[in-house]
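Report on the structure
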Number of protein chains: 2
Amino acid sequence: MRNLITDVAGIKVGSAHDSALASGVTALIFDAPATASVAVGGGAPGLRDAHLLEPGMTVEKIDALVLSGGSAFGLDSVGGVQSWLRQQGRGLQVADQLVPIAPGAILFDLANGGDKDFWNMPAYWRLGYEAAEAAAAEFPLGSQGAGFGATLADLKGGLGSASATTEDGFVVGALVAVNAVGQATIGDGPFFWAGAYERDGEFGGLGWPNSVNEAALRPQMKGAAPENTTIAIVATDADLAKSQVKRMAVMAQDGVARALRPVHAPHDGDTVFAAATGHAQGEADMFALARLGAVAADCLARAIARAVYEASPLPFPGALPSWRGKFGR
Amino acid sequence: MRNLITDVAGIKVGSAHDSALASGVTALIFDAPATASVAVGGGAPGLRDAHLLEPGMTVEKIDALVLSGGSAFGLDSVGGVQSWLRQQGRGLQVADQLVPIAPGAILFDLANGGDKDFWNMPAYWRLGYEAAEAAAAEFPLGSQGAGFGATLADLKGGLGSASATTEDGFVVGALVAVNAVGQATIGDGPFFWAGAYERDGEFGGLGWPNSVNEAALRPQMKGAAPENTTIAIVATDADLAKSQVKRMAVMAQDGVARALRPVHAPHDGDTVFAAATGHAQGEADMFALARLGAVAADCLARAIARAVYEASPLPFPGALPSWRGKFGR
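Source: prediction; values computed, not measured.

Okay, the overall build of chain A next. Across its full length, chain A carries six helices and 11 strands. Its C-alpha atoms give chain A principal-axis dimensions of roughly 60 × 50 × 35 Å. Across the 329 residues in chain A, those meeting the buried criterion constitute 65%. In chain A, of all internal contacts separated by at least 6 residues, the share reaching a separation of at least 24 is 79%. As displayed, chain A has an accessible area near 10800 Å², and 51% of this comes from carbon and sulfur atoms. Computing the positive centroid from 23 side-chain charges and the negative centroid from 33, chain A places the two 2 Å apart.

See the structure below:
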């Protein structure tokens, strides 16, 4: 196990970024079309081609999922991923045309110090193409792809991932770009809200504090022009119906709630995509589905903490510190 | 402050139960119509007159909210609350008719050992009336009202409440009937998942464990015929638009995620109502709203732990122990 979402059979992930832009794109490519859905939790989401993910909509399977910086401009990245997919002969066959289905979500990193004065076509289409081209089983975490320019209220954010296996033998993984209005850590200290869910010291091994004082519980948020939104993907190798994948997405949002605080705020676009590749044998009944959702939530909470733990600071004056930089670990 | 949802100006709460039935009803009565909305998180909700709570629907203000045991039968309780309200001259005036608006949600406690062999009209209409009649500023927690017959995977559930004040000076409160498929405590021990959020030893003062082993993280759920669903209300004295109240309901679900695990499962109907009485002065901007949602989530997490902490076991053979009974505190 790599402790990455690519532990789920049938998934590759690639990232691309532009350092001057201080932003980037992460693409998750399915080897074969996968059943997918979505749960939007924040009050200010930015999505492309995502309405079709609701149960009851016709398209059941998709080719890729895209996470991007760049606010609404970043939705260009989906086009780049689609073009790359079409060049591989991928996509939904409609008459004699291939239409790759690659829903995407963005986060707001426009005010992070990078050069975002777009007078011409922004870089996101190209970055989407490059991210798809880079897709592989191994991929780096931290200040990468959609997490390259991401931040939290007090620390640098980034790209995170984690995986686990359910009691039923299904593999589950999570991928996330963490750019929260709030915090992943408790008060001014190094403890992660997700501390209880950590495995094998994957984000520092500090565990939980025994108590949290009231001052540390006061909601800490970014101020004016808040950089916002955490966007994520959870996936499993189970063979699920679209309505079951929707339930998995909803339950995975609980991992976001456990790892970030506050979250799902009015100025957040927090979104979780979920997907089932169907590589594993066996039906998932209601209980197995509940376990898939619970473990997806755990993986996503861990992936959020890993994103922060692995991040490096942006090279701009006044940029937020990284977790390692601030706590010297 | 009573540390109850009735700390929010303009709210009274009453409960009624039937011991042989092992079930009951809790009614929250607004002194004057309040703006309200809802966020459904579970996969198997049971609601009455709740669709009107979505932003975009015409009715903006409601008279009461109802939490009930009894699964779909329990939705009768809303009728009892409505009749009591009409007798007080309350309700939406439509031509010369008063129509009290009292959305309600149920939890599944049919298999908890109580006598649920309904051959005649079930008791819920009457219990709803009695709960409304009993509404007051002070009300007891634990095995009361909608929480009378409630359980978790391993412990007796119950009725909980808590309150707090935001930095902006708005009062927030939560009320909940906890009947989760999963757990409010960690593994086999006495620690509450909500431990970090506790105030003044309100649920035992144990805080958090420093670490949680992998076995304790294995999702524990009720088995066949799972008694399920946690239903809650959060409220504030702020004067909010209906769309803002919806956001508060969504954010409050994060408190459910932090206090229960697993939750929002396919067989759960976990629902959070939110309401704003408007007794306080001052507009809530996007940041104040985010703080309202964050504090509502905290209050709801605390209310969930208090529900379990204050509960007493049902008197039936094989009934689940209470937290105090199991841990001797």
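Residue and element names in this part refer to chain B. Here D154 lies in the loop between α2 (124-133) and β8 (158-165). There is no salt bridge for the buried D154, and the closest opposite charge comes from K326, which lies 4.6 Å off by N-O distance. Those residues in contact with D154, other than ones at most four positions away along the chain, are Q183, T185, G187, L320 and P321.

Here chain A sits on chain B after a turn of 180 degrees about the axis and a move of 0.0 Å along it, with an RMSD of 0.0 Å. In the structure described here, the two chain copies are related by an operation that fits a two-fold rotation axis. By residue overlap, the copies meet face to face through one surface: 100% of the interface positions of chain A are interface positions in chain B.

Our next topic: the packing of aromatic side chains. Throughout the structure, instances matching the rule amount to 19 aromatic pairs over all chains. Here F73 of chain A and F118 of chain A contribute two aromatic rings whose centre-to-centre distance is 4.8 Å and whose plane-to-plane angle is 70 degrees, an arrangement assigned as edge-to-face. On the criterion of sequence distance, the pair formed by F73 of chain A in the loop between β4 (61-68) and α1 (77-87) and F118 of chain A in the loop between β7 (104-106) and α2 (124-133) is long-range, its members being 45 residues apart. Arranged with centres 5.4 Å apart and planes meeting at 25 degrees, the rings of F192 of chain B and W323 of chain B form a pair that is stacked. Separated by 131 residues along the polypeptide, F192 of chain B in the loop between β9 (171-178) and α3 (214-217) and W323 of chain B in helix α6 (residues 323-327) bring together distant segments of the chain. A residue is classified by how much of its surface remains accessible, and F192 of chain B, at 3% relative accessible area, is buried. When its relative accessible area of 0% is taken as the criterion, W323 of chain B is described as buried. Over the ring of Y309 of chain A we find R324 of chain A, and its NZ or CZ is 4.2 Å from the ring centre.

Residues and elements named next belong to chain B. Buried residues dominate β8, accounting for seven of its eight residues. As defined by bridge partners, β8 adjoins β9 across eight bridges and the pair is classed as antiparallel. Of the residues in β9, the one forming a bridge with S161 is L175. In sequence, β8 turns back onto β9 through a hairpin of five residues, with G169 there showing a positive phi of about 95 degrees.

So, about the confidence of the model for chain A. In this model, chain A carries a mean pLDDT of 96, and residues with pLDDT of at least 70 account for 100%. Both scores are available for the predicted complex, with the pTM at 0.96 and the ipTM at 0.93.

Residue and element names in this part refer to chain B. One can describe the packing of helix α1 (residues 77-87) onto α2 by two numbers: an axis separation of 6 Å at closest approach and a directional angle of 45 degrees. Classified by the angle between their axes, α1 and α2 sit oblique to one another. As α1 packs across α2, the resulting crossing turns out to be right-handed. For the pair formed by α1 and α2, the contact residues are S77, G79, G80, V81, S83, W84 and Q87 on the first element and Y124, W125, G128, Y129, A132 and E133 on the second.

As a further point, take the interface of chain A and chain B. Residue-level contacts link 45 residues of chain A with 46 residues of chain B. With both sides pooled, the region where chain A packs onto chain B buries about 3800 Å², and carbon together with sulfur makes up 62% of that total. Taken together, the connections running from chain A to chain B amount to four salt bridges. Taken together, the links from chain A to chain B amount to 18 residue pairs in polar contact (both at pLDDT 80 or more). Mapped onto the side of chain A that touches chain B, the elements with two or more residues apiece are α3 (214-217), α4 (242-259) and α5 (286-309) of chain A. A total of seven residues in the side of chain A that touches chain B trace back to one element, the largest contributor, which is α5 of chain A.

Another point: the packing of helix α4 (residues 242-259) of chain B against helix α5 (residues 286-309) of chain B. Any two packed helices are characterised by how steeply their axes cross, that is the angle between the axes, and by the distance between the axes. Residues and elements named next belong to chain B. At a closest axis distance of 7 Å, the pairing of α4 and α5 adopts a crossing angle of 40 degrees. One element, α4, and the other, α5, form an angle in the oblique class. Crossing angle aside, the handedness with which α4 passes α5 is right-handed. Two secondary-structure elements touch here, α4 through Q244, R247, M248, M251, A252, D254, G255, V256, R258 and A259 and α5 through L289, A290, L292, G293, A294, A296, A297, D298, L300, A301 and I304. Here the contact of α4 with α5 is composed, by residue class, of 14 nonpolar, three polar and four charged.

Below, the discussion takes up the pattern of salt bridges. Enumeration according to the criterion identifies 23 salt bridges over all chains in this entry. Between R2 of chain A and D7 of chain A there is a salt bridge, and its shortest N-O distance comes to 4.0 Å. Residues R291 of chain B and D168 of chain B are paired through a salt bridge, measuring 2.8 Å at the closest nitrogen-oxygen approach. Placement of R291 of chain B in helix α5 and of D168 of chain B in the loop between β8 and β9 is noted, with a sequence separation of 123 residues between them.

Conventions used here
Residues numbered from 1 in each chain as written. Chains lettered and ligands numbered in written order. Predicted model: local features only at pLDDT ≥ 70, side-chain atom pairs only at ≥ 80, totals over all residues. Heavy atoms only, no water. Helix = DSSP H or I, 4+ residues; strand = E, 2+ residues; numbered from the N terminus. Buried < 20%, exposed > 50% of the residue type's maximum accessible area, 1.4 Å probe, protein only. Contact = heavy atoms within 4.5 Å. Areas by Shrake-Rupley, 256 points an atom, 1.4 Å probe, with all protein chains shown as cover. Lys, Arg positive; Asp, Glu negative; His and termini not counted. Charge placed at Lys NZ, Arg CZ, Asp CG, Glu CD. Salt bridge = Lys/Arg side-chain N within 4 Å of Asp/Glu carboxyl O. Least-squares fit on C-alpha atoms with pLDDT ≥ 70 in both. Phe/Tyr/Trp six-rings, centres within 6.5 Å; stacked < 30°, edge-to-face > 60°. Lys NZ or Arg CZ within 6 Å of the ring centre and 35° of its normal. Pairing = 2+ DSSP bridges. pLDDT = per-residue confidence, 0-100. Axes fitted to C-alpha atoms, helices over the stretch in contact; angles between N-to-C directions. Parallel < 35°, antiparallel > 145°, perpendicular 65-115°, else oblique. Left-handed = near helix turned anticlockwise from the far one by under 90°. Buried area = accessible area lost by both parts, 1.4 Å probe. Polar contact = N/O pair within 3.5 Å; in protein donor to acceptor, adjacent residues only side chain to side chain. Nonpolar A, V, L, I, M, F, W, Y, C, P; charged D, E, K, R; others polar.

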